Amino acid sequence: MRAVLLVAAREFRQVIGTRGFWVMLLVVPLALAVSGFASSKLAPQRTSAYTIVDKSGRFAPEIDRRLELGYQQNALHRISEYVARWNLAAVDPQAPWANPQAWLSDSEVERFAASGGAEGAVARLRPHVPPGAAKLEVPERYFIAVPPPAAVQTDKGPEAFGEGIAATLQTDAVTPKGKFPYALAVYIPQNYGQPGATARIWTSGRPDTGLLGELRDDLTSALRRQMLERSGMPAEAAAQVQASVAPIAVSEPPPGKGRSVIATRSIVPIALVYLLMLTAITTGSMMLQGLVEERSNKLIESVLACIKPDALMQGKLLGLGAVGMAIIAVWAGCAAGAAFAFHGVTADILRPSLEAIDSGWLVLAMLFYFVSGYLILSIVFLAIGSVSDSIQDAQSYLSPVLMLVMIPVIIMMQAALRGPDELIVQVLSWIPFYTPFAMLARLGTGVSWPEIAGTSVLLLVFMAIELVFLGRLFRASLLGAGKPAWREIFAKIRSPEAGR
Amino acid sequence: MSEPVISFERVTKRFGDLTAVDELSFAVPAGGIFGFLGGNGAGKTTSLRMALDILAPTSGAIRVLGAAPSRENAAAIGFLPEERGLYRRMTVLDTIVYFARLKRMEAGAARKAALQLLERLDLADRAKTPVVKLSKGLAQKVQVATALVNSPRLLLLDEPFSGLDPVNQGVLEELVSEAAQGGATVIFSTHVMQHAERLCDRLLLLAKGRKAFEGTQEEARQALPSRLTLTARSDPAALPGVAEAIELASPEPGWRSFDVKLQPGMIPGSVLEHCTTHAFPLREFNVRAPSLHEVFIHFVGAEKETAS
């Protein structure tokens, strides 16, 4: 054991002494930080401005009203989610935002808007936000109406307006809430609604399709109402027809249940599968490089004069295993730190996923599958290193092995997100080489204990066999030279006396 | 008599169809320097690897320091393999300490011994230098230090002089001699006879995995027919005990010089006695002891002939 620990310590120190290790260690947290920063600070602005010139005077107010109502509906939805998440319904149980389904009802949305809308709700709730909760902010507006610039002629017909507004559409609209890119400008002629009259729309070249759709719907709606009125229907009745909405009641599974939760609860396990693959391949490559160096510059014989090949192999596995665990610890620490420091969406996604891992045994099972997967791949890397004189030699063995690992695992991970009972996930769970990956991916969504026990036993047997057979190859190839043919490799694996 | 440091008893090692070591028996007494001589593929490295338990014999028995070969002996053994290499990114000191620790030395003792050795080898100022920054000669010295750091009772050196320039060969010869004077038994394999001639007390000559000779240098030389340089008035070929006489350039008129090879077992003194008692005039009678190179050619060449 002493020799194993000495080798492990040397391997560990050698790897952490390289620049490559530190670059790799820092790349993931750095990438997380950069992507977080980029998504929060550098993401393209979602709010855009629009201008309406309504020569008829009949449509613009209606369009503005409906866009405002759409905004309030979206704001109510988001605020009611926040209220449910942080248990704030007790602040005012009668408020629209205390009911998670209120946003589905137009009357509730109107009541919400009438009672101060998003700004009013946020002002009311803010004093009651518990410490540590995500920041409560007024949801941003996607569309802001701005008057046409003074220099643009609006009285000389659509063509003149279009000519004048074209350059303006390529600039930002300055509003009291800041500068926003123009999305489009609308010109509604005085006779709009009569045959042949058309509302003209000019865009910046990158129109907001949502706004375009909304405008068309609103104009259509207003037009229909006027047609109904012209056909003799009383104005009030026409408005009621236009305002009528098919009554629906949406029933959702309670929070934490249902199909959508499969994806949420699988986040941590799937992330572990990615981490497993990433760290096993990265540290495996380091181990392989070290072994190729030892073998090619012949220092292996000096080492073997002092310790047994088995101790050398175990020491390498342990040392590189420690490197892998250190990487995982740092990355996981950074992810958890970031999640809890920023309280944002990441934390909200992670939390239910972590809540799914609610038993000590489940954590133990995850650890077991993770370590097993790491060992299975590391032994393969070690065996490849033991038969390679150069990195080029190693690559020729490594490429098919990596394909064999990565392709099924990537397919399996996508399947695991659809559900734990997908056929490929079930099948791979019982193929020991893939068991750690498949079982890790499924653990978050519930796997029966007999299945965990069965796959674990099979996995242990496979690891023992792998250790014996690839251990023979390792022993037999350490002092060899050149790149052996596959036939020779299989002969060494078969012979119990190989290398002795 | 004390137990041999290493003994091989009818040891054979086969790799598939190839017999690398064939029924080899020999014993190395404690103390002194023992030469393991043989050409390429003679079985020297395989024999050393078996003594170190890196390889297991196919048959036969090996004893090393009174026990079967095992890593348990590592603390008492120093080993310098034929093909050398070190961890390139490790420092000189860390490298030596690492090998000392693998040989079961405690951390403190290992570091102390390593620093003392670096001082002796004139490498103290390079203790913190990564191996990759050393010249080849200095790296070789570091490798020697990894073999000596545990003050071994048994030092096994496989072709220690290969790849070294003459200056470093001299340094290594000194270190080997010092180790032997310090009480270690040194066994080194080589196919360069000059080193063996200068250093070895006893020799084992291997040819194609078999023992061709074992004994002292003197005994090895005696096993070869003696050679004489003889200047006489007439051809000495007919003298009793003479196997062959090749005439060389004549030194002066009336006298002829010959390179004379005696029959196996014939003592040069007997030829001289015959000359004096039978009025065979001589102006020169020089006995030339065979060199180790000749001994080597004699034994290995003889086997070649037998084999063919």
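Residues numbered from 1 in each chain as written. Chains lettered and ligands numbered in written order. Predicted model: local features only at pLDDT ≥ 70, side-chain atom pairs only at ≥ 80, totals over all residues. Heavy atoms only, no water.

Q: Looking at this structure, I do not really get the interface of chain B and chain A. What am I missing?
A: Put simply, an interface is often sized by how much accessible area is lost when its parts join up. Contact residues are listed per partner, giving 30 residues for chain B and 24 residues for chain A. The contact between chain B and chain A buries some 2600 Å² in all, and 54% of this surface belongs to carbon and sulfur atoms. When residues of chain B are sorted by the area they lose upon contact with chain A, Arg-71, Tyr-87 and Leu-102 of chain B head the list and together hold 25% of the total. Summed over the shared surface of chain B and chain A, the result is two salt bridges. Among the ionic pairs, Glu-301 of chain A bridges to Arg-49 of chain B, the shortest N-O distance being 2.7 Å. Put simply, chain B and chain A have nine residue pairs in polar contact (both at pLDDT 80 or more) between them. Breaking the side of chain B that touches chain A down by element, the ones donating at least two residues are α1 (44-51) and α2 (92-102) of chain B. Residue composition of the side of chain B that touches chain A, grouped by class: 14 nonpolar, three polar and 13 charged. (Contact = heavy atoms within 4.5 Å. Buried area = accessible area lost by both parts, 1.4 Å probe. Salt bridge = Lys/Arg side-chain N within 4 Å of Asp/Glu carboxyl O. Polar contact = N/O pair within 3.5 Å; in protein donor to acceptor, adjacent residues only side chain to side chain. Helix = DSSP H or I, 4+ residues; strand = E, 2+ residues; numbered from the N terminus. Nonpolar A, V, L, I, M, F, W, Y, C, P; charged D, E, K, R; others polar.)

Q: Is there a simple way to explain the sheet that holds strand β5 (residues 77-80) of chain B in this structure?
A: Adjacent strands of a sheet form backbone hydrogen bonds with each other and so pair up, either parallel or antiparallel. Residues and elements named next belong to chain B. Here six strands make up an open sheet; going across it, the order is β5-β6-β7-β3-β8-β9 and the pairing mixed. Only two strands of the sheet have a single neighbouring strand rather than two, namely β5 and β9 (210-216). Averaged over all adjacent pairs, the angle separating strand axes in this sheet is 15°, with direction ignored. Here four bridges tie β5 to strand β6 (residues 154-158), and the two strands are oriented parallel to one another. In the strand pairing of β6, Phe-79 is matched with Leu-156. Lying on the sheet, helix α4 (residues 136-148) is in contact with β5 and β6; it crosses β5 at an angle near 160°. (Pairing = 2+ DSSP bridges. Axes fitted to C-alpha atoms, helices over the stretch in contact; angles between N-to-C directions.)

Q: I'm lost on the side chain of Thr-229 of chain B in this one. Help?
A: Residue and element names in this part refer to chain B. Inspection of the secondary structure puts Thr-229 in strand β10 (residues 227-232). Classification of Thr-229 by relative accessible area gives buried; the value is 17%. Within the structure, Thr-229 has its side chain in polar contact with the side chain of Arg-288 (distance 3.5 Å). Sequence-distant contacts of Thr-229, that is, excluding residues within four places in its chain, are made with Leu-248, Phe-258, Glu-284, Phe-285, Asn-286 and Arg-288. (Buried < 20%, exposed > 50% of the residue type's maximum accessible area, 1.4 Å probe, protein only.)

Q: Is there a simple way to explain α2 of chain B in this structure?
A: Each α-helix turn comprises 3.6 residues. Residues three or four places apart therefore point the same way. Summarising burial for α2 of chain B: nine of the eleven residues are buried, a large majority. Within α2 of chain B the residues assigned to the buried category are Val-92, Leu-93, Thr-95, Ile-96, Val-97, Tyr-98, Phe-99, Ala-100 and Leu-102 of chain B. Structurally, α2 of chain B contributes buried residues whose contacts are with α1 (2-16) and α11 (300-304) of chain A together with α3 (107-120) and α4 of chain B.

Q: Would you mind going over the confidence of the model for chain A with me for this structure?
A: Regions with low pLDDT should not have their predicted coordinates read in detail. For chain A, per-residue confidence averages 80 on the pLDDT scale, and 86% of positions sit at 70 or higher. Per-element confidence in chain A is highest for helix α5 (residues 117-125) of chain A, whose mean pLDDT is 90, and lowest for helix α9 (residues 260-265) of chain A, whose mean pLDDT is 56. (pLDDT = per-residue confidence, 0-100.)

Q: How do you make sense of the nonpolar core when you look at a structure like this?
A: The tendency in soluble globular proteins is for nonpolar side chains to be buried as a group. If you look at the biggest cluster of nonpolar residues, it comprises 114 residues, and the most contacted ones within it are Met-412 of chain A together with Ile-6 of chain B. Sorting elements by how many residues they give to this core places helix α14 (residues 360-386) of chain A first, with 14 residues. When near neighbours in sequence (up to four residues on either side) are disregarded, Met-412 of chain A contacts Ile-424, Val-425, Leu-428, Phe-437, Ala-438 and Ala-441 of chain A. (Core = buried A, V, L, I, M, F, W, Y, C linked by side-chain atoms within 4.5 Å.)

Q: Would you mind showing me how to read unusual backbone geometry here?
A: All names here are of chain B. The phi torsion at Glu-23 lies on the positive side, around 55°, for a residue other than glycine. Of note, Glu-23 is situated in strand β2 (residues 18-28). Within the chain, Leu-65 stands out as a residue other than glycine whose phi angle is a positive 50°. Here Leu-65 shows up in the loop between β4 (59-64) and β5. Judged by its relative accessible area of 17%, Leu-65 falls in the buried class.

Q: Looking at this structure, I do not really get the packing of helix α18 (residues 449-477) of chain A against helix α19 (residues 486-494) of chain A. What am I missing?
A: The description of two packed helices rests on the angle between their axes and on the distance between the axes. All names here are of chain A. Where α18 meets α19, the closest approach of the two axes is 7 Å, and the angle between their N-to-C directions is 115°. Between α18 and α19, the angle falls in the class roughly perpendicular. Between α18 and α19 lies a crossing of right-handed hand. Seen from α18, the contacting residues are Phe-469, Leu-470, Arg-472, Leu-473, Ala-476 and Ser-477; seen from α19, they are Ile-489, Lys-492, Ile-493 and Arg-494. The residue makeup of the contact of α18 with α19, split by class, is six nonpolar, one polar and three charged. (Parallel < 35°, antiparallel > 145°, perpendicular 65-115°, else oblique. Left-handed = near helix turned anticlockwise from the far one by under 90°.)

Q: Help me understand the packing of α14 of chain A against helix α17 (residues 435-443) of chain A in this model?
A: Residue and element names in this part refer to chain A. Across the interface, α14 lies against α17 with an axial gap of 8 Å and an inter-helix angle of 155°. Classified by the angle their axes make, α14 and α17 are roughly antiparallel. Our pair here, α14 against α17, has a crossing hand that is left-handed. Counted together, Leu-362, Ala-365, Met-366, Tyr-369, Phe-370, Ser-372, Gly-373, Ile-376 and Leu-377 of α14 and Thr-435, Pro-436, Phe-437, Met-439, Leu-440 and Leu-443 of α17 form the full contact between these two elements. A class-by-class count of the residues in the contact of α14 with α17 yields twelve nonpolar, three polar and no charged.

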